[in-house]
Amino acid sequence: MQKVLITGAAGFLGSHLCDRFIKDGFHVIGMDNLITGDLKNIEHLFKHEHFEFYNHDVTKFVHVPGELDYILHFASPASPIDYLKIPIQTLKVGSLGTHNLLGLAKEKNARILIASTSEVYGDPLVHPQTEDYYGNVNTIGPRGVYDEAKRFQESITMAYHTYHGVETRIVRIFNTYGPRMRLNDGRVVPAFIGQALRGEDLTVFGEGLQTRSFCYVDDLIEGIYRLLFSDYVYPVNIGNPNEITIRDFAEEIIKLTGTSQKVIYKDLPVNDPLQRQPDISKAKEVLDWEPKINRQEGMKYTLDYFKELSTEELHKSEHRDFS
Ligand code: UDP
């Protein structure tokens, strides 16, 4: 039986990856320090004989006994509200954490896939973003701690590949949504859905003319899975190219939830990217992958998940305030 280590296992993407690898017959070691993750995302796996959980911070030396075939490094705060609250941990997990996991991959002769992000493109001047675009990042802006950690992560990963011959893969993840997103992480999908369910107005930042392209989590996981088992070592964008303005997206959520609330406008956060849309030609070519679930369908699944949350959970979510 093949063994896989998934860091960030109690997070949104990490927990879905654990499910996928368990389903496909792997022995899964989930690792998380629970700073932003939540055990409730993986508690259903605890009874599974091939699932183990280590409560560990990957910025400290990572020890896993025995053999290891694959590592997927998904531990990181991943929303602007989190980078603002825990900027140093964000920098450390992308840099020191990645270094530790690359060392582990080398030691175990394991293949390692690193979760990078569209944030490496910063506020992009090229649209849509192709993998060969170098990006436009403000190193000292509020997002710099995440963006630069992820850029360093890509560099050290390629260095381990070229210098030590470690088998590496790099995925650049664009905005993704679905069940298990943290309601209070400040990202736009849980923010709008939470507001609609609590009967609050939806807060659009700036004029809402900035765009994003939202990928449903199942599509993303499939893309990552294919990349891990492919031979391609350079970064690959995985995301849904269907682009929408935040203002139109707010209107969609109002319709979908049937709320009688309206849109209100707040200040645009610093360095908030104006446009974001993945060019997924590379993923189509090397992975034969493209998203299958459209926003209407994916948002319905996501709303169903949030509707199941208790009133207490729904109300403990906080607002993101950049002023
Ligand atoms: N946004 C918004 N209202 C909110 C939360 C976010 O208008 O309550 C906007 C935010 O300014 C950004 C977009 O939605 O332009 C996506 O934000 P998110 O934090 O989800 O991810 P990002 O792509 O910016 O990392």
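To be clear, the structure that these remarks concern was listed above.
Quick caveat: nothing in here was measured; it's all calculated off a predicted structure.

The next point concerns the nonpolar core. Membership of the largest hydrophobic core comes to 63 residues, with the highest contact counts inside it found for F21, L72 and F74. Per-element accounting of this core gives the leading share, 7 residues, to helix α6 (residues 217-228). Here F74 is in contact with T7, G8, L13, L17, L113, A115, V171, I173 and I224, once residues within four sequence places are set aside. By size, the runner-up hydrophobic cluster in this structure holds 20 residues, among which are L5, I71, L101 and L102.

Right, let's talk about the packing of helix α5 (residues 188-198) against helix α7 (residues 246-257) for a bit. Direction vectors running N to C along α5 and α7 enclose 40°, while the axes themselves pass 10 Å from each other. Classified by the angle their axes make, α5 and α7 are oblique. For the pair α5 and α7, the crossing hand works out as right-handed. Contacts between α5 and α7 pair V188, V189, F192, I193 and A196 from the former with I246, F249, A250, I253 and T257 from the latter. For the contact of α5 with α7, the residue count by class is 9 nonpolar, 1 polar and no charged.

Take the packing of α7 against helix α9 (residues 295-307) next. One can describe the packing of α7 onto α9 by two numbers: an axis separation of 11 Å at closest approach and a directional angle of 60°. Regarding the angle of α7 to α9, the classification is oblique. The two elements α7 and α9 meet at a crossing, and its hand is right-handed. Listed contacts from α9 to F249, E252, I253, L256 and T257 of α7 are R295, M299, K300 and L303. Of the residues assigned to the contact of α7 with α9, the class counts are 5 nonpolar, 1 polar and 3 charged.

What follows deals with α6. When the terminal C-alpha atoms of α6 are compared, their 17 Å separation across 12 residues agrees well with the 16 Å that a helix rising 1.5 Å per residue should span. Burial analysis of α6 places 9 of its 12 residues in the buried class, which makes it a mostly covered element. Every buried residue belonging to α6 is among V217, D219, L220, I221, G223, I224, Y225, L227 and L228, and all of these are buried.

We describe a pair of aromatic rings using the distance from one ring centre to the other and the angle between the two ring planes. For the coordinates displayed, the defined rule picks out 19 aromatic pairs. On the numbers, 6.2 Å between centres and 70° between planes, the contact of F26 with Y70 is edge-to-face. With a gap of 44 residues between them, F26 in the loop between α1 (12-23) and β2 (27-32) and Y70 in strand β4 (residues 70-73) connect regions that are remote in the sequence. This pair shows no difference in class: F26 is buried, exactly as Y70 is.

Cut-offs applied
Residues numbered from 1 in each chain as written. Predicted model: local features only at pLDDT ≥ 70, side-chain atom pairs only at ≥ 80, totals over all residues. Heavy atoms only, no water. Core = buried A, V, L, I, M, F, W, Y, C linked by side-chain atoms within 4.5 Å. Buried < 20%, exposed > 50% of the residue type's maximum accessible area, 1.4 Å probe, protein only. Helix = DSSP H or I, 4+ residues; strand = E, 2+ residues; numbered from the N terminus. Contact = heavy atoms within 4.5 Å. Axes fitted to C-alpha atoms, helices over the stretch in contact; angles between N-to-C directions. Parallel < 35°, antiparallel > 145°, perpendicular 65-115°, else oblique. Left-handed = near helix turned anticlockwise from the far one by under 90°. Nonpolar A, V, L, I, M, F, W, Y, C, P; charged D, E, K, R; others polar. Expected span 1.5 Å × (residues − 1). Phe/Tyr/Trp six-rings, centres within 6.5 Å; stacked < 30°, edge-to-face > 60°.

Read these as spatial facts, not as claims about activity.
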